[in-house]
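Working through the structure, step by step
The chain contents come next:
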Amino acid sequence: ATSEQPYRTAFHFQPPQNWMNDPNGPMCYNGVYHLFYQYNPFGPLWNLRMYWAHSVSHDLINWIHLDLAFAPTEPFDINGCLSGSATVLPGNKPIMLYTGIDTENRQVQNLAVPKDLSDPYLREWVKHTGNPIISLPEEIQPDDFRDPTTTWLEEDGTWRLLVGSQKDKTGIAFLYHSGDFVNWTKSDSPLHKVSGTGMWECVDFFPVWVDSTNGVDTSIINPSNRVKHVLKLGIQDHGKDCYLIGKYSADKENYVPEDELTLSTLRLDYGMYYASKSFFDPVKNRRIMTAWVNESDSEADVIARGWSGVQSFPRSLWLDKNQKQLLQWPIEEIEMLHQNEVSFHNKKLDGGSSLEVLGITASQADVKISFKLANLEEAEELDPSWVDPQLICSENDASKKGKFGPFGLLALASSDLREQTAIFFRVFRKNGRYVVLMCSDQSRSSMKNGIEKRTYGAFVDIDPQQDEISLRTLIDHSIVESFGGRGKTCITTRVYPTLAIGEQARLFAFNHGTESVEISELSAWSMKKAQMKVEEP
Ligand code: FRU
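Attention here is on the structure that accompanies the text. Here the structure is a predicted model, which is why all the values come from computation and not from measurement.

A word on the packing of aromatic side chains
Summed over all chains, the structure comprises 27 aromatic pairs. Ring centres of Phe-70 and Tyr-98 lie 4.8 Å apart, and the angle between their planes is 20°; on these two criteria the pair is classed as stacked. Here Phe-70, found in the loop between β4 (63–65) and β5 (81–89), pairs with Tyr-98, found in strand β6 (residues 93–101); they are 28 residues apart in sequence, far enough to count as distant. For the residue pair Phe-70 and Tyr-98, the accessibility class agrees, reading buried in each case. Relative to Trp-184, the ring of Phe-181 has its centre 5.4 Å away and its plane inclined at 85°; by these criteria the two rings are edge-to-face. Following the ring pairs from residue to residue traces out a cluster consisting of Phe-36, Trp-52, Phe-70, Tyr-98 and Trp-125. Here the guanidinium or amino end of Arg-226 rests over the ring plane of Trp-209, the centre of that ring lying 4.3 Å away.

Written out as structure tokens, the structure reads:
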């Protein structure tokens, strides 16, 4: 019942119980979507001896939980089945690559195929008897070699894949090639490496169109000038998913990113969002990404409720028109769950005021709001020493009055506002231009102690003189997933309210700045519960 389990989600993917982390091998096969994930079948905490659980869906919204796909049973994976990726080979043949921890505790790469291609759910998988197909490189530590990517086909008919690694704190994406999928050779130079960044986990590498929001098949041949390549890296030391945009040259086997990898590199999400993995969906011609969103309460809380971890809501992603960053947006199937729409236009929100959004279930909602600002000359000057957006957000939480901002949403709020998760913007002047900051402030998200209530923040690359400042927030009991500037900046957080649960939760639009702002448009929906059930034997 909800009262006993107030933090279970209604439309974010979760297993019925136990520990879940990384999404593994997402793919679409004959119109059925598959999600595998890192799973501990014995309890709600992580354990290195990982299994792969498996769920399928016809719409990426409602899921059927199947039997486990991989268990650590063979010499090449006896100590754990770690993350990996799927590829649908020509002739419509799916294969899976994953990391195993072998009898000597070395990370190695393994191959598996479905037992019966006529089973629409591909329930059973067969591990290749010649595993491992890639063993640990000599110069690499045994636990620094994992998470093979989706493979891609080159013009000459051979395959490529990447495996994440590190050597002496230099993060490495090793490049391998193969003609037969069984014998793999490491290229002399890795696809990319950056010193001082530590282990790269769950590397993802995929093309994006420079002039279209459609997805690109990972194996697109002869990409010409119409694609760039995204290299996504999970920086283990920071628990952050960063990405680079650049040019991949198949002939030279090299990748030239447009920017250096630093701590201010672009991130898929500036909150809790890790080990993301994308796949190309041929049904709707798009690229979809999902990621593990960890808990932020205590181990004792996790043990008491018996589960840990959710998946982010699936996002479509594509290259922004400016070709400098990705845009991300909840997949359109979300509309299947919309009900009780409330909406209004052109409402002034005076400085220091708030407005309750009534008529929806605020603990389970999808909210879109956009703001128009006038008299921007009044905006405060950005202190030149304020360079770290997360720090600015932490030091200037939702209670701190500015001129333009904080304005935004109070999600999962109690009626007395003692509990609230504030997602908001501030607008500053900087060198005669304007800067938009987006924050997600969890400091008042729960009356409970012993919970990490960190505040997150990032800049949004929009010009408030030209563009409205928009926010979309998916609220689902214990997860708040926000998209600023139509998907330019995303912040996902986990919260554990004690008052603002179920029917008690409320939603407000607020403006704690001194200047008024106009809500040009607000639309909000209650969300129906997605069906997630275990397949009956
Ligand atoms: C990332 C990660 C992967 C590894 C898996 C183990 O969260 O550490 O590198 O394969 O989780 O569960």
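Digging into the state of the cysteines
Following the criterion strictly, the structure yields 1 disulfide and no others. Left without a disulfide partner, Cys-81 is nearest to the cysteine sulfur of Cys-202, which lies 15 Å away. With relative accessibility at 0%, the residue Cys-81 sits in the buried group. Sulfur of Cys-490: no disulfide; nearest cysteine sulfur belongs to Cys-242 and is 14 Å away. Its relative accessible area of 1% is what places Cys-490 among the buried residues.

Thoughts on the pattern of salt bridges
In this structure the tally under the stated criterion is 32 salt bridges. With its nearest N and O atoms 3.2 Å apart, the salt bridge here joins Lys-284 to Glu-333. Within this pair, whereas Lys-284 is found in the loop between β19 (274–281) and β20 (286–293), its partner Glu-333 is found in the loop between β24 (326–330) and β25 (338–349), the two being separated by 49 residues in sequence. Members of the salt-bridge network, linked through shared partners, are Asp-281, Lys-284, Arg-286, Glu-332 and Glu-333.

Topic: unusual backbone geometry
In this model, Asn-131 is joined to Pro-132 through a cis peptide bond whose omega is 0°. Within the secondary structure, Pro-132 is located in the loop between β8 (125–127) and β9 (145–146). Residue Pro-406 is bonded to the preceding Gly-405 through a cis peptide linkage, with omega at 5°. Relative to the helices and strands, Pro-406 resides in the loop between α2 (389–395) and β29 (407–413). Its identity as a non-glycine residue notwithstanding, Asn-18 has a phi of 75°, on the positive side. Inspection of the secondary structure puts Asn-18 in strand β1 (residues 18–29). Positive phi, close to 50°, is recorded for Glu-253, a residue that is not glycine. Tracing the backbone shows Glu-253 in the loop between β17 (240–249) and β18 (254–257).

Parameters at a glance
Residues numbered from 1 in each chain as written. Predicted model: local features only at pLDDT ≥ 70, side-chain atom pairs only at ≥ 80, totals over all residues. Heavy atoms only, no water. Phe/Tyr/Trp six-rings, centres within 6.5 Å; stacked < 30°, edge-to-face > 60°. Helix = DSSP H or I, 4+ residues; strand = E, 2+ residues; numbered from the N terminus. Buried < 20%, exposed > 50% of the residue type's maximum accessible area, 1.4 Å probe, protein only. Lys NZ or Arg CZ within 6 Å of the ring centre and 35° of its normal. Disulfide = S-S within 2.5 Å. Salt bridge = Lys/Arg side-chain N within 4 Å of Asp/Glu carboxyl O.

Remember that the coordinates give geometry; whether it matters functionally is a separate question.
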